[in-house]
Amino acid sequence: MSDPGTQSVASLLEREDQERAMQAVLADAGAGAGSTVVVLGEAGVGKTALVARLVEQAAPAFTVLRARGDELEQDYPYGVVRQLLEPALRALAEPEAAWSGAASLARPVFGLEDPVAPVPAPDDGVFGRQQGLYWVCVNLAEALGPLLLVVDDAHRADDLSLRFLRFLGHRLDGVALVQLLATRPAQEIEGRPALADMIDDPTCRQLRVERLSEAATVEYVRRTWGDAGSRLGPACHELTAGNPLLLRALLAEAQRAGLQPAVARAEELRVLGARSIGHRVRRALESAPPAAMAIAQAVAVLGDDVDPSEAVAFAELDPADAAPGTDALLRLGYLDDTTRGLRFVHPLVRASVYRLLPPVERQGAHLRAAALLRARGAGSAELAAHLAAAPPAGEAWATEALAEAADQAFGLGAPETAVRYLRRALQEPVAPAARGALVASLARAEASAGEPGALERFTEAVELAPDLAARTAVSLEYAGALSMAGHTSNGFAVLREVVADQPGAPSAALRSALHAAALFAASPEALAFRDEEAERIDPAAPPPEDPTWSLLAAMHAIELALRGRPAADVEAVIVPAASSLCDLLDLSTGPQWGYGMWALMLCDQLDVARRETDRAVARGRRTGSVSVLGLALCLRSAVRLRQGDLAGAEADALESLALAEYPSWRFGAAASTQFLVQILLEQGRTDDAADAMAAVTDADRDRDALGVDITVEYAQALVRLRTRDAVGALAQAERLGRRMAEHRLDGSGFAPWREVAARAASGMEDEPRAHELAREHLGLMRAVGGRVSLAAALLCAAQVGAVDSASAADEAAELAAAAGAPLLRARALLAAGRTRRIAGDRTAAREPLHEAADIAGACGALATADAALEELAAAGGRPRRRDEGGAVLLTAAEMRVARLAADGASNREIAQELFVTQKTVEMHLSSAYRKLDIRSRTQLAARLGA
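The structure presented is a predicted model; accordingly, all values stated were derived computationally and were not measured.

Undergrad: Just to check I follow, could you spell out the overall build of the protein for this structure?
TA: Along the protein, the regular secondary structure elements total 47 helices and seven strands. Oriented by its inertia axes, the alpha-carbon framework of the protein measures out at about 115 × 70 × 50 Å. Here the contacts in the protein between residues at least 6 apart in sequence split such that 69% fall between residues at least 24 apart. When the accessible surface of the protein is split by element, carbon and sulfur atoms take 51% of a total near 37200 Å².

Encoded structure:
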């Protein structure tokens, strides 16, 4: 190729429009409006040269951080992110400042000790690491000034880095940061969905780089060969189609062939132009000093940024002999000697050199590279990248490096990489005991990556487990994978077999896992186990010494509650265990924790349930665990719903629903939606509730998982009832009732289907059936003794006329007040007032109606508030007009931000708490100030009623 000093000339011709566009982007970023810019163009069209020019423009005002995608490092989790950020992190005067707040979640990306407990699911890891990396970038921008993150050859970057860059691109408003990526066009990219999403994002600025026009080609030829060569410009354009890389290669080949511009003919150029880049590279290396080929192949195998001495050692050359070869490669313009080391100037050149190695020799070179890097103390991820391309080494260190790299990749959120490394590790000689552990790790990674053979791999891992402890651990994971795949009954069967194998009494954790699987499973065997377990539960028994006893207590408590045992018994079991449940909460114990929270709600321990769900939400945010945070938010929305905090409940349900895009919380879509539907109905937003319910697809539901599916059925019946489909509501409620009875789940207020059925029958004017259902439900709830469930049953019976309406509504209102359920009390007061008005006692009706309107309005239950005000007017009262502005008009997100601000949190603290940007916080606060008609934080608490 031509003199390196002239290489970029062709690439920069006709690029003025792109330079101007970038100047505008940089100006906006300097003012705090960050953005993403993607330079798009085919191979050799000059993307790298343009990026270099754009970086030159930005350098005076921006701190520039650079990286380049490399095929060899595509399996290196966050490899490009580390290239970008590690130099800046090392250069900070106070390095710990970069890790403040939520940024600490990113420490494992850089091989630093995680300050919080590691999360067990790869997608959990991705969620937390992305949040952490975002705040690392924010912290760096604050410490170093505006940042320009540059990624060349982004289509060759590792997937996790691309996913983070996409994540970052959506959060740059308000951050003085520009990310500049150079990549092939979308149609040339395969298997890079994150990059394709970035290109398609309308907020991303595209700078397209086209081939040179004929005029520009002629100009480049003139600059290279002088005026005498200009006449050959049209022929050069014809042969290269205006591709700058091909143009430079053609002219360099012509110079080496001794063609003189003044006398050369177009026909001679056409002979040279028929040769490919690979052919030209081979010819040039063959005519260069002997060491050039060896050095070039060493760099091609070792990858970018190779220390020159390392390349010489790998090529097995004497440094003195190597120098002429290295100089020749630099002169030819094939290699660039950067501050990081040697690298090829273009991936096509590297690919050409790499292909000059025969396949067997290439594999052997990667094995030698791994051995060399190991001798120099390289990490397992670097070794694994070479070992994956090498034949079996037949040595223990290779297996250990691959297994360790797989474990790191899995923990960082790259199960696909872990699968490749573990499969490669199993090609090495492995001792039988170690083989079982490798197969178990492979099964776990395959399950997380969605590989179709993962379940069969778990079966193999169970068979290879060397002892009972290992078999138990693998079986627990196998059961979890079966449940996640929708085979809950099979998961129960696997756990039951493990429990039966235990020589003594199984641990509380194992028993609780089996019980949780049984409660989810729709199988006769699971029901029989639950029947047996229920007979053994003694609410008065002291807790065992097993540190995981609280997990079993949670399962015992929910079992008692669902079977209609007295609320006092449920309370006796769950309350002592509640405070220790959160400390055991992770992906594997989520079902037990969740059932424990349900037990607390069903025995009226709403304050305890709120305290524990608050703790779990904090744990999820602190660890960055999707499964923990999604579950905690989901159940906190249920607690807040019962406490009458509809805005907070809606915010939690929506945030939980948004997290359902991650596989470990995939079932959360249905779980969160059914609570959201109940919240929306309480707010009087019936159409929104119906839309939310319709969005739940069969793919979101696991009909074998009873706990979630039953609540979804219940929410569907509620929507039918509210949309005046009484016939459909009655049919669905009765179907649900039969299903719940079959599985011993209808003894509590878990999903009170009889209430829905009674109201539906009443709407159909089938009063006998309505009264029968309401009285049956009331009798069950009186036997249970839970205040909230009993108050709801009394209210239902009063509204359908199954009992004396006035006394039942009064009792319901008193019970709801005692239980701390204001919204339920408001509905009961509304019923009491309406009953008295209808009976002609208008004076007695006014007080409960006034109170109902006030309580419902404060809760945001606008339909109930409006109904109370209408009744009050009919009773001859003078209703205060419901506040049409203020807090009731805040969206769920605005209310959530406003409450944190009222508690004294700064915008930055709020953003880190909620995993949003500071700009988002500012936007929500501004909107809240406008709606509340205030101007500062100091006024928030009073206007929110805090």
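Undergrad: What is the right way to look at the pairing of strand β1 (residues 35-40) in this model?
TA: Across a regular strand the side chains alternate sides, sitting on one face of the sheet and then on the other. Burial analysis of β1 places six of its six residues in the buried class, the great majority of the element. For β1 and strand β4 (residues 177-183), the ladder comprises six bridges, and the chain directions are parallel. The partner of Ser35 across the bridge, within β4, is Val178. Relative to strand β5 (residues 205-208), β1 runs parallel, the two sharing four bridges. The residue of β5 that forms the bridge with Val37 is Arg205.

Undergrad: What am I meant to see in the packing of helix α34 (residues 686-694) against helix α35 (residues 706-722) here?
TA: When two helices pack together, their arrangement is given by the angle between their axes and by how far apart the axes lie. Axis separation between α34 and α35 bottoms out at 10 Å; the angle between their running directions is 145 degrees. α35 is crossed by α34, and the crossing has left-handed handedness. Contact with α34, carried on its side by Thr686, Ala689, Ala690 and Met693, involves Val712, Ala715, Gln716, Val719 and Arg722 of α35 and no other residues of that element. Its residues assigned to classes, the contact of α34 with α35 comprises six nonpolar, two polar and one charged.

Undergrad: Where do I start with unusual backbone geometry in this structure?
TA: Leaving glycine aside, a negative phi is the common case for residues, and trans is the common case for peptide bonds. Positive phi, normally seen in glycine, also occurs at Tyr78, with a value near 60 degrees. Among the structural elements, Tyr78 can be located in the loop between β2 (63-68) and α4 (79-91). Taking relative accessible area as the criterion, Tyr78 reaches 1% and is therefore assigned buried. Its identity as a non-glycine residue notwithstanding, Ala241 has a phi of 55 degrees, on the positive side.

Undergrad: So what exactly am I meant to see when it comes to the pattern of salt bridges here?
TA: One side chain can pair with another of opposite charge once the charged atoms of both are near each other. Across all of its chains, the model carries 64 salt bridges by this definition. Close ionic contact of Arg223 with Glu219 constitutes a salt bridge, the shortest N to O distance being 2.8 Å. With Arg223 and Glu219 both in helix α8 (residues 214-225) and four residues apart, this pair spans about one turn of that helix. In this structure Arg223 comes out as partly exposed when scored by relative accessible area, which is 49%.

Rules used throughout
- Residues numbered from 1 in each chain as written.
- Predicted model: local features only at pLDDT ≥ 70, side-chain atom pairs only at ≥ 80, totals over all residues.
- Heavy atoms only, no water.
- Helix = DSSP H or I, 4+ residues; strand = E, 2+ residues; numbered from the N terminus.
- Contact = heavy atoms within 4.5 Å.
- Areas by Shrake-Rupley, 256 points an atom, 1.4 Å probe, with all protein chains shown as cover.
- Buried < 20%, exposed > 50% of the residue type's maximum accessible area, 1.4 Å probe, protein only.
- Pairing = 2+ DSSP bridges.
- Axes fitted to C-alpha atoms, helices over the stretch in contact; angles between N-to-C directions.
- Left-handed = near helix turned anticlockwise from the far one by under 90°.
- Nonpolar A, V, L, I, M, F, W, Y, C, P; charged D, E, K, R; others polar.
- Salt bridge = Lys/Arg side-chain N within 4 Å of Asp/Glu carboxyl O.

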